[in-house]
Amino acid sequence: SQFINEVESVLRGQTGPATKAHVIRRLEEKIENDPLYGGYAIPFSFILRGENNLDQAIKVIDKFIAAKERKNETDKQYGAALYNKSCFLAVRHGTSKSDADRNAALASLRKALEISESNWSYVLIDKDLDALRGDPEFIKIIEKAPPWARRAQPERGNPEV
């Protein structure tokens, strides 16, 4: 659809401020009307994160996660949202050094990995998680990475692995 193409263009940084503002307004409306549709919530949270608005990105993803939990829908999209929340919180923790951000990021990451094993494809190399890399709890998490995830990492992978 035309709107999805506009969203993708915003995510790629290929639009001007007016189009971006239009897409943001439409995404806000769409997630208000359908909070269970990750096809709007997840890209919207990425746009907000790209604008360095981590607080709002976390609110958007939390609303989606809560809607999924109310419906008891713990599917792959739910796992992806949890993973993204852990990334947003880890980035914020890198600046805030907040124990609350750290603990919430680790809890969200653990749950994301339980829900969807495909999240392992990102954990070992995702730069958004860099603020947690030396954390003993994070190291415990990545020590449980399945062998396929470890083999799939580029040579520049994490030294903890």
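Residues numbered from 1 in each chain as written. Predicted model: local features only at pLDDT ≥ 70, side-chain atom pairs only at ≥ 80, totals over all residues. Heavy atoms only, no water.

Undergrad: What exactly am I supposed to notice about the layout of surface pockets here?
TA: As a volume, the largest pocket reaches approximately 160 Å³. Contributing to the lining of the largest pocket are R110, L113, E114, W120, K140, I141, K144 and P146. Only α6 (99-115) and α8 (136-142) provide two or more residues apiece to the lining of the largest pocket. The biggest single contributor to the lining of the largest pocket is α6, with three residues. Broken down by class, the residue content of the lining of the largest pocket amounts to four nonpolar, no polar and four charged. (1 Å grid on protein atoms, 1.4 Å probe; cavity = no way out; pocket = protein on both sides within 12 Å on 5 of 7 lines; lining within 4 Å. Points joined across faces, edges and corners; volume = space filled by probe spheres on them. Helix = DSSP H or I, 4+ residues; strand = E, 2+ residues; numbered from the N terminus. Nonpolar A, V, L, I, M, F, W, Y, C, P; charged D, E, K, R; others polar.)

Undergrad: I would appreciate a short explanation of the packing of aromatic side chains in the present structure.
TA: Counting across every chain of the model gives four aromatic pairs. When the ring of Y83 is compared with that of Y122, the centres are 5.9 Å apart and the planes differ by 40°; the resulting orientation is tilted. Residue Y83 is located in helix α5 (residues 76-96), and its partner Y122 is located in helix α7 (residues 120-123); the two are separated by 39 residues in the primary sequence. One aromatic cluster is present, formed by F3, Y37 and Y40 through successive ring pairs. Over the aromatic face of F3 sits the side chain of R26, whose NZ or CZ is 4.2 Å from the ring centroid. (Phe/Tyr/Trp six-rings, centres within 6.5 Å; stacked < 30°, edge-to-face > 60°. Lys NZ or Arg CZ within 6 Å of the ring centre and 35° of its normal.)

Undergrad: Looking at this model, I keep getting lost on helix α4 (residues 54-70). Mind explaining?
TA: Working note: α-helix, 3.6 residues per turn, so residues spaced by three or four point in the same direction. Helix length check: α4, at 17 residues, gives a terminal C-alpha distance of 24 Å against a target of 24 Å (1.5 Å per residue), a fit within 8%. Here α4 has its buried residues at L54, A57, I58, V60, I61, F64, I65, A67 and K68. In the core, the buried residues of α4 are packed alongside α2 (17-33), α3 (38-50) and α5. Two residues or fewer past α4, N72 is found with a positive phi of approximately 60°. (Expected span 1.5 Å × (residues − 1). Buried < 20%, exposed > 50% of the residue type's maximum accessible area, 1.4 Å probe, protein only. Contact = heavy atoms within 4.5 Å.)

Undergrad: What's the story with unusual backbone geometry in this structure? I'm lost.
TA: Working note: non-glycine residues mostly have negative phi, and peptide bonds are mostly trans. Phi is positive for N72, which is not a glycine, with a value near 60°. In this structure, K97 is a non-glycine residue whose phi angle is positive, near 55°. Looking at the element boundaries, K97 is found in the loop between α5 and α6. Its relative accessible area of 57% is what places K97 among the exposed residues.

Undergrad: Can you help me understand the pattern of salt bridges in this one?
TA: Where charged atoms from two side chains of opposite charge come close, those side chains can pair. This model, assessed by the stated rule, comprises 13 salt bridges. E73 serves as the salt-bridge partner of K68, at 3.0 Å between the closest nitrogen and oxygen. Here K68 falls in the buried class, since its relative accessible area comes to 2%. Look at E73 and you get partly exposed, because its relative accessible area is 30%. The network of salt bridges with shared partners includes D55, R92 and D101. (Salt bridge = Lys/Arg side-chain N within 4 Å of Asp/Glu carboxyl O.)

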